[in-house]
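Structural overview
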Amino acid sequence: MVSYKMEIRYAATFTVIFYLSLLFSSSRCDVFTALTDLEELLQTEDYLVTSLENYVKAEEHRIDILKRYAELYRKHHAIATEDVESYVSNPINAYVLVKKLSTDWQQVEALMSADVAADYMSNITYIKENMKFPTPEDLNGAAMALTRLQDTYQLDTSSLARGELNGVKYGAELTATDCFELGRQSYNNGDYHHTLLWMREADLRLNQESNDTIDRSEILEYLAFSTYKEGNIPLALDLTNKLLEIIPSHPRALGNKVYYEDELEKYNRFKRKGEQEDENIDEADYVESMASHNQHHIYEALCRGELSPPIEITSQLKCVYVNHGNPFLLLAPFKVEEAYFNPNIYIFYDVMSDAEIETVKRLATPRFRRATVQNSETGELEIAHYRISKSAWLRDIEHKYIADISQRASDMSMLSMESAEELQVVNYGIGGHYEPHFDFARKDEKHAFKDLGSGNRIATILFYMSDVAQGGATVFPNILASVWPKKGSAVFWYNLHDSGEGDINTRHAACPVLAGSKWVSNKWIHERDQEFLRPCSLVRPPPELTT
Ligand SMILES: O=C(O)CCC(=O)C(=O)O
Ligand SMILES: [Fe+2]
């Protein structure tokens, strides 16, 4: 038997799945990876709500009839019991009473046990199977997106629960159950740090809510175990004792209490015995783990806009108009800004028109698939949690605008597009990101681009097809450079040194989108056919020409 509280929990869990999926949205699966399918999800919601409303009406109608039956029976009974003897002595009354309690009553029973829900449930099942609907993986992805944003942008849990992102209030608040669900998802991912943050928030919210939709004991159980996992045994014990105050016979809490007491005793004995006996940490492992930890901190600080390249670099950066001696560009030269020097990173402004952007989006949207990455060992394309977006490829022959964009990429870079890949269109939803990576194939990635037969990716042109309300910068952690999306602009850099070696300083990332939706497209240019074309600099004259 499902209890009232559990029913509410199920309903609330459904609400949080739905709410999060709406927030972090896309295809029947991967709802959280991009925002393009959000409208479809809203349509699903519309159908579901209509079904629910119709079901409620049908049930109300059934209950109304039953109420009327009850009233009739009650009235009849009242009359009959006014004077029982004269009532039963009347043969008509006797007949009416018997009939009321036989055939009439059968109708009441039939109505009481009628399964009005069945029709509506099959309707709902049809909607779920045929329309966009979030899966458990979507909920997990949405929860991970939220905790990623929380870390990258240093968002405080309580503000987030109030629906605020960096001080801007956007949407609905999260309830205690919503927070509990976020904690539970984090727990299932083995992420005890976020379990603690969200369970504590659930507890705080529970104290403020008038009708409890979650048991404090459940929160305490997750809190205690995650606290233990995070290494605070005394607090884990304390929390377990609190749980036992609420449910003294809680079997797991009783078991954990003994276990934590034992662990605490062992720990104290160990501390007393040999405080000087240092733990045996492998120094090389430690240095490596600290290095990757710091790298991640640099990446996140760049995403928050807190770091920039040193003044020696920024002081030399220019903003110029160039036509590369191209007669077609004499009247409308490119406006180019240098974002970094060696590796040279250039920002080109106004290189995609609104009409082109709309066309690219329209052509790409129906083909969107969850973006993949190439497995360096096998060369296979796989989905990965470190690249969360939807992408599709467009060919030059599909539309004049796509061919125009390729021609423009060639004019911008002064490189041949003969060996370039098709245009890759990407849409990131909220929390969508691409962690630091190289666009070029490294030496150990033997399979990469083998099929293309056009060599490595010599250069990247990344077109920004939207502004992004908050977050979503492209950052280069090795050189502390960052580029902020501006609709119609593009960023260009060489991935390879002149020698053909990959330039490790081009390591870059797409920061998580905090608010809004981010659209980009990649034009990856390959080595073949570029032998005589690659210029030293796009915006500075060759050294021998400078006076
Ligand atoms: O979206 C961005 O800012 C960067 C995308 C990127 O690096 C890629 O798709 O390889
Ligand atoms: Fe990239």
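The preceding data block contains the structure.
Residues numbered from 1 in each chain as written. Chains lettered and ligands numbered in written order. Predicted model: local features only at pLDDT ≥ 70, side-chain atom pairs only at ≥ 80, totals over all residues. Heavy atoms only, no water.

Some words on the coordination of the iron ion (ligand 2)
Four donors placed tetrahedrally around a metal ideally meet at 109.5 degrees, and six donors placed octahedrally ideally meet at 90 or 180 degrees. For the record, the criterion: Water is not among the atoms examined, so metal sites may look incomplete; donors are the N, O and S atoms within 2.8 Å of the metal, or within 3.2 Å for Na, K and Ca. Labels follow the DSSP assignment, with helices taken as runs of H or I lasting at least four residues and strands as runs of E lasting at least two, numbered in each case from the N terminus. Partly exposed residues are those whose accessible area sits between 20% and 50% of the maximum for their type, while under 20% is buried and over 50% is exposed, using a 1.4 Å probe and protein chains only.
Protein-derived coordination of the iron ion (ligand 2) comes from His437 (NE2), Asp439 (OD) and His508 (NE2), at a distance range of 2.0 to 2.2 Å. For the iron ion (ligand 2), the single-chain donor residues occur in sequence as H-x1-D-x68-H. Here the residue His437 occupies a position in strand E12 (residues 433-437), and His508 occupies one in strand E18 (residues 508-510), the gap between them amounting to 71 residues. On the basis of relative accessible area, His437 is assigned to the buried category, the value being 12%. Since its relative accessible area comes to 5%, His508 is described here as buried.

Concerning the nonpolar core
Inclusion rule: To form a nonpolar core, buried Ala, Val, Leu, Ile, Met, Phe, Trp, Tyr and Cys residues must be joined to one another through side-chain atoms within 4.5 Å.
In terms of nonpolar packing, the biggest core is built from 38 residues, with Tyr153, Leu155, Phe180, Trp198, Ile219, Val475 and Cys511 touching the most fellow members. Mapped onto this core, the elements with two or more residues apiece are helix H6 (136-152), helix H7 (157-161), helix H8 (176-188), helix H9 (192-208), helix H10 (216-229), helix H11 (233-246), helix H13 (283-303) and strand E19 (513-515). If you look at the next biggest cluster of nonpolar residues, it comprises 37 residues, including Phe334, Ala420, Ala459 and Phe492.

Comments concerning the site of ligand 1
So the rule is basically this: Whether a residue is near a molecule or strand depends on its heavy atoms: if one lies within 4 Å, it is near. Polar contacts here mean pairs of N or O atoms no more than 3.5 Å apart (in protein, one a potential hydrogen donor and the other a potential acceptor; neighbouring residues in sequence count only if both atoms are side-chain atoms). Throughout, the Shrake-Rupley method with a 1.4 Å probe supplies accessible areas, and for residues the shown protein chains are the sole cover considered. For this classification, the nonpolar set comprises Ala, Val, Leu, Ile, Met, Phe, Trp, Tyr, Cys and Pro, the charged set comprises Asp, Glu, Lys and Arg, and every other residue, Gly included, is treated as polar.
The environment of ligand 1 is made up of 13 residues, and the closest members are Tyr428, Thr474, His508, Lys518 and Asn522. Here an oxygen atom of ligand 1 and a side-chain polar atom of Thr474 are 2.5 Å apart. His508 has a polar side-chain atom sitting 2.9 Å from an oxygen atom of ligand 1. Taken by itself ligand 1 offers 290 Å² of open surface, and the protein chains cover 99% of this. Ranked by the residues each element gives to the shell around ligand 1, the list is headed by strand E20 (residues 518-526), at four residues. Of the residues contributing to the shell around ligand 1, the split by class is six nonpolar, four polar and three charged.

A few points about the packing of aromatic side chains
For the record, the criterion: What counts as a ring pair is set by centres within 6.5 Å for rings of Phe, Tyr and Trp (its six-membered ring), and what kind of pair is set by the plane angle: stacked under 30 degrees, edge-to-face over 60, tilted for all other angles. Throughout this description, the term charge over a ring refers to an Arg CZ or Lys NZ atom that lies within 6 Å of the ring centre and within 35 degrees of the ring normal.
Enumeration over the complete set of coordinates arrives at 17 aromatic pairs. Pairing Phe476 with Trp493 gives two aromatic rings, centres 5.1 Å apart and planes at 90°, and the pair type is edge-to-face. Here Trp493 lies in strand E17 (residues 490-494) and Phe476 lies in strand E15 (residues 474-476), a separation of 17 residues in the sequence. Seen in terms of ring centroids, Phe492 and Tyr494 are 5.3 Å apart; in terms of plane orientation they differ by 80°. Their pairing is edge-to-face. Overall, Phe492 belongs to the buried group, its relative accessible area being 0%. Feature note: the residues Phe180, Tyr187, Tyr192, Tyr222, Phe225, Tyr228, Tyr259 and Tyr260 constitute an aromatic cluster, connected by ring pairs. If you follow Lys100 out to its NZ or CZ, it ends over the ring of Tyr73, 5.2 Å from the centre.

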